[in-house]
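# Chain and residue survey
Chain by chain, the residues run as shown.
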Amino acid sequence: MSHSSPAAAALRASLPVLFGYVPLGIAFGLLFDGLGHPWYFATLMGLLVFAGAAQFLAVGLLAAHAGLLEVAVTTFLLNSRHLFFGLSLLTRFRVGGWRKFYLVFGLTDETYSLLTGTRPPDGVPRVSYDLWVTGLNQLWWVSGCTLGALLGRAVAFDTTGLEFTLTALFAVLVLEQYRATRALLPFLVALGCGLLALALFRQEHMLLLSIALSTAILVAHGKTRQWTPRST
Amino acid sequence: MDATLYLIAVIGVMAGATLLTRALPFLLFARGAEHPTLLYLGRVLPPAVMTLLLLYCLKDVPLATAPHGLPEALALAAVVGLHLWRRNALLSIGAGTGLYMFLVQSGVFG
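Every chain is numbered on its own, with residues counted from 1 as its sequence reads. Labels are handed out in written order, letters beginning with A for the chains and numbers beginning with 1 for the ligands. Reporting in this predicted model follows two pLDDT cut-offs: at least 70 for local features of residues, and 80 or more for side-chain atom pairs to be given and counted; totals over whole chains, interfaces and linings ignore these cut-offs and use all residues. Calculation of side-chain values draws on the structure's entire complement of heavy atoms; hydrogens and water are dropped beforehand.

### Concerning the domain arrangement of chain B
Its domain assignment divides chain B into domain 1 (1-34) and domain 2 (45-109). One C-alpha centre belongs to domain 1 of chain B, the other to domain 2 of chain B; they are set 33 Å apart. Note that the domain bounds reflect an automated or database-derived domain assignment.

### Concerning the domain arrangement of chain A
Residue and element names in this part refer to chain A. By domain assignment, chain A separates into domain 1 (6-182) and domain 2 (183-231). If you average the C-alpha positions of domain 1 and of domain 2, the two centres end up 24 Å apart. At the interface, 10 residues of domain 1 touch eight residues of domain 2. Buried area is calculated as the accessible area (1.4 Å probe) missing from two parts once they are joined, with the contributions of both summed. When the buried area of domain 1 at its contact with domain 2 is split by residue, Arg81, Phe84 and Tyr178 rank highest and sum to 54% of it. Any carboxyl oxygen of Asp or Glu within 4 Å of a side-chain nitrogen of Lys or Arg constitutes a salt bridge here. Across the domain 1-domain 2 interface, the total number found is zero salt bridges. Polar contacts here mean pairs of N or O atoms no more than 3.5 Å apart (in protein, one a potential hydrogen donor and the other a potential acceptor; neighbouring residues in sequence count only if both atoms are side-chain atoms). One can count one residue pair in polar contact (both at pLDDT 80 or more) joining domain 1 with domain 2. Think of it this way: any DSSP run of H or I at least four residues long counts as a helix, any run of E at least two long counts as a strand, and we number them from the N terminus. Put simply, the parts of the chain that give the side of domain 1 that touches domain 2 at least two residues each are helix 5 (82-85) and helix 9 (164-181). With four residues, the single largest contributor to the side of domain 1 that touches domain 2 is helix 9. Contacts are residue-level and defined by heavy atoms, with any inter-residue pair within 4.5 Å sufficient.

### Side note on the packing of helix 9 of chain A against helix 4 (residues 89-106) of chain B
When two helices pack together, their arrangement is captured by the angle between the axes and the distance separating the axes. Across the interface, helix 9 of chain A lies against helix 4 of chain B with an axial gap of 9 Å and an inter-helix angle of 140°. Accordingly, the angle class assigned to the pair helix 9 of chain A and helix 4 of chain B is oblique. Here helix 9 of chain A and helix 4 of chain B pass one another in a crossing that is right-handed. Here Phe164, Thr165, Ala168, Leu169 and Val172 of chain A of helix 9 of chain A come into contact with helix 4 of chain B, specifically with Ala89, Ser92, Ile93, Gly96, Thr97 and Tyr100 of chain B. Each residue is assigned to one of three groups, with Ala, Val, Leu, Ile, Met, Phe, Trp, Tyr, Cys and Pro labelled nonpolar, Asp, Glu, Lys and Arg labelled charged, and all others, Gly among them, labelled polar. Tallied by class, the residues present in the contact of helix 9 of chain A with helix 4 of chain B amount to seven nonpolar, four polar and no charged. Simply put, an axis is a line fit to the C-alpha atoms, just over the touching stretch for a helix, and the angle between two N-to-C directions goes from 0 to 180 degrees. Just so you know how the angles are binned, under 35 degrees is roughly parallel, over 145 roughly antiparallel, 65 to 115 roughly perpendicular, and the rest oblique. The sense of a crossing depends on the near helix, which, turned anticlockwise from the far helix by less than a right angle, makes the crossing left-handed and, turned clockwise, makes it right-handed.

### Quick look at a nonpolar patch on the surface
Residues and elements named next belong to chain A. Residues Leu196, Leu200, Phe201, Leu209, Leu213 and Ile217 make up a contiguous nonpolar surface patch of roughly 510 Å² in combined accessible area. At the level of elements, helix 10 (185-200) and helix 11 (206-225) are the ones that each hand at least two residues to the nonpolar patch. Mapped onto the fold, phenylalanine 201 is located in the loop between helix 10 and helix 11. Residue burial is assigned from relative accessible area. The probe radius is 1.4 Å, only protein chains are included, and a residue is buried under 20% of its type maximum, exposed over 50%, and partly exposed in between. Taking relative accessible area as the criterion, phenylalanine 201 reaches 41% and is therefore assigned partly exposed. Patches were defined on residues exceeding 30% relative accessible area and lacking a salt bridge, with like-charge contacts within 9 Å and nonpolar side-chain contacts (Val, Leu, Ile, Met, Phe, Trp, Tyr) within 5 Å. A 1.4 Å probe and the Shrake-Rupley method give the accessible areas. Residues count as covered only by the protein chains that appear here.

### Notes on the environment of proline 23 of chain A
Residue and element names in this part refer to chain A. Its place among the elements puts proline 23 in helix 1 (residues 6-33). Take proline 23: its relative accessible area is 17%, and that puts it in the buried class. It is 8.9 Å that separates the C-alpha atoms of proline 23 and tryptophan 141, two residues lying 118 residues apart in sequence. With residues near it in sequence (within four places) discarded, proline 23 still touches Leu18 and Leu162.

### As for the packing of aromatic side chains
Residues and elements named next belong to chain A. In this scheme Phe, Tyr and Trp rings, the latter by its six-membered ring, pair at centre separations within 6.5 Å, and the angle between planes marks the pair as stacked below 30 degrees, edge-to-face above 60, and tilted otherwise. Inspection of the entire model under this criterion finds 13 aromatic pairs over all chains. Pairing tyrosine 21 with tryptophan 141 gives two aromatic rings, centres 5.6 Å apart and planes at 70°, and the pair type is edge-to-face. Placement of tyrosine 21 in helix 1 and of tryptophan 141 in helix 8 (residues 126-151) is noted, with a sequence separation of 120 residues between them. Accessibility assignment for this pair places tyrosine 21 and tryptophan 141 in one class, buried. An angle of 35° between the planes, with centres 5.7 Å apart, marks the rings of phenylalanine 28 and phenylalanine 32 as tilted. Placement of both phenylalanine 28 and phenylalanine 32 in helix 1 is noted, with a separation of four residues, approximately one turn of the helix. A single burial state applies to phenylalanine 28 and to phenylalanine 32, both of which are buried.

### Quick notes on the UniProt feature "transmembrane region" (unreviewed entry) in chain A
UniProt positions are given in the numbering used here, feature names are shortened, and annotations may be inferred rather than shown by experiment. If you check UniProt for "transmembrane region" (unreviewed entry), the listed places come out as residues 13-32, 39-65, 71-90, 183-201 and 207-224 of chain A in our numbering. Note that residues 183-201 of chain A is 84% helix and 0% strand, and that its end C-alpha atoms are spaced 28 Å apart.

### Here we look at the UniProt feature "transmembrane region" (unreviewed entry) in chain B
Summarizing the sequence annotation, UniProt attributes the feature "transmembrane region" (unreviewed entry) to residues 6-30, 37-56 and 90-109 of chain B in the numbering used throughout. Here residues 90-109 of chain B runs as 85% helix and 0% strand, with 26 Å between its end C-alpha atoms.

### Observations regarding the nonpolar core
Joining through side-chain atoms within 4.5 Å is the link that ties buried Ala, Val, Leu, Ile, Met, Phe, Trp, Tyr and Cys residues into a set, and such a set is a nonpolar core. Ranked by size, the top nonpolar core spans 91 residues in total, and within it Phe32, Met45 and Phe93 of chain A together with Met14 of chain B carry the most contacts. Among the elements that line this core, the one with the most residues is helix 2 (residues 36-57) of chain B, at 12 residues.

This is the structure we're talking about:
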């Protein structure tokens with residue numbers, strides 16, 4: 001029974017994220033601890049913000065006493081790659097109430113990757129699987145943030161290199177995406193745009209610019225090659 | 001402003017700004033989700049984003065200085081090889097990460 005339950009299937013899919021998020025979360029918690037605030041605010045950030053890069057940035061912004069408008073604009077720009085994620089999930093997330101809200105709220109890089117790169121076993125409803133994946137990923141992240149702020153400095157285990165879990169996860173998901181689509185073009189366009197963005201722009205803008213450029217090129221290509229007239 | 005109050009305000013503002021980036025597509029395209037361009041993007045965007053996230057993970061690998069990205073290359077080769085062979089994501093990711101941790105912690109590459 002447990003093998004076909006949404007929770008078990010989602011747990012299996014999200015395990016690599018556990019090994020990626022917990023060390024990253026601990027790193028954030030440790031940095032946050034340096035600000036001198038109570039540990040539970042690190043937990044609160046993991047719960048309410050749930051965005052790795054933005055939370056790391058927040059440590060710097062808090063230390064510099066940045067203005068709230070600056071915080072808002074910087075966070076929005078830093079996370080603006082998420083603007084593109086929902087485009088491929090518009091119909092998938094057609095569920096009501098809190099379920100849709102939580103799926104949208106929890107759409108991190110890794111959650112997006114798992115939701116678009118893995119599928120639930122036969123008989124498991126898609127929406128339950130999606131909710132479990134999102135919830136478990138956030139559980140790993142919040143646990144990491146809390147552990148780091150609470151007792152990170154007492155952890156002796158050498159985790160150097162554990163962050164490679166996320167690199168390996170994305171490599172596996174690229175392979176799975178190719179198996180599912182059998183189309184080289186999206187990969188080649190992305191690779192070209194990514195290398196171009198790395199060469200021309202500052203690294204922190206690389207993801208947003210390359211995702212935007214890839215989307216524009218793929219749309220332009222789709223309009224010339226695969227356009228099927230249809231009224232909406 | 002009181003330090004705790006400022007912290008709470010920053011968390012609130014960040015939570016709102018982050019949620020906005022994730023929710024905007026759903027707010028903007030609530031009615032047009034069946035549009036052919038959006039359906040097309042739904043197919044081609046995931047592979048493109050996955051490729052870019054992989055590239056992003058590797059962007060800080062120092063290719064010009066020793067060990068010239070060799071640990072990353074070997075660990076990635078292990079991940080890809082294992083995955084093509086067994087197609088077990090946990091095995092590919094676990095073994096690849098284990099190999100990478102051994103390579104960077106043991107100092108075999110200096």
